[in-house]
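Architecture and fold: a report
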Amino acid sequence: MNGPGHYAEAERLMACAMQGAADLVAEAEKQPGDIDMLLSSGQRNIANFIGLANVHATLALAAATAQSTIDRLIGDDNLDDARAWADATAPSAVSS
């Protein structure tokens, strides 16, 4: 997976965490008696998504940093990397 791929995966995982939090709130409203059990398992799942998103975001940052250093030292003869970053960070990519 390249840097833009890590970026996109971090965005996807954060969207899953946000959806999981919304689902958890909705479920808790339907079953108020089971709130402790719901929170325990739901929070673990959300924390897992956030943790994985953090790993991918960190890898994307490392790739972007390395790419900018390579471009500065060697030159940016390969526009494919720039296009991949532009595609990964475009608003339509983030919301999908």
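That block above? That's the structure.
Residues numbered from 1 in each chain as written. Predicted model: local features only at pLDDT ≥ 70, side-chain atom pairs only at ≥ 80, totals over all residues. Heavy atoms only, no water.

1. A short note on the overall build of the chain
The line we're drawing: Working definition: helices are DSSP H or I runs of at least four residues, strands are E runs of at least two. Numbering for both runs from the N terminus. We call a residue buried when its accessible area falls under 20% of the maximum for its residue type, exposed when it is over 50%, and partly exposed in between, using a 1.4 Å probe and counting protein chains only. Any two residues whose heavy atoms approach within 4.5 Å are treated as being in contact. Note on areas: these come from Shrake-Rupley sampling with a 1.4 Å probe, and a residue is covered only by the protein chains present in the view.
Per the secondary structure count, the chain includes four helices and zero strands. Listing each helix as α and each strand as β along the chain from the N terminus yields α-α-α-α. Burial analysis of the chain (96 residues in total) assigns 19% to the buried set. For the chain, long-range pairs separated by at least 24 residues make up 69% of all intrachain contacts whose partners lie at least 6 apart in sequence. Counting every atom, the chain has about 6,500 Å² of accessible surface; 60% of that belongs to carbon and sulfur.

2. Structural notes on the pattern of salt bridges
Side chains that differ in charge, positive against negative, can pair when their charged atoms come close. Put simply, the rule reads: Salt bridge criterion: a side-chain nitrogen from Lys or Arg within 4 Å of a carboxyl oxygen from Asp or Glu.
Using the criterion set out here, one finds two salt bridges in the structure. We note a salt bridge from Arg 12 to Glu 9, for which the minimum N-O separation is 2.7 Å. Residue Arg 12 and its partner Glu 9 are located together in helix 1 (residues 3-30), separated by three residues, close to a single helical turn. Assessed through its relative accessible area of 41%, Arg 12 is described here as partly exposed. Across the pair Glu 27 and Lys 30 runs a salt bridge whose closest N-O atoms are separated by 3.6 Å. Residue Glu 27 and its partner Lys 30 are located together in helix 1, separated by three residues, close to a single helical turn. What makes Glu 27 partly exposed here is its relative accessible area of 25%. You can call Lys 30 exposed: its relative accessible area is 62%.

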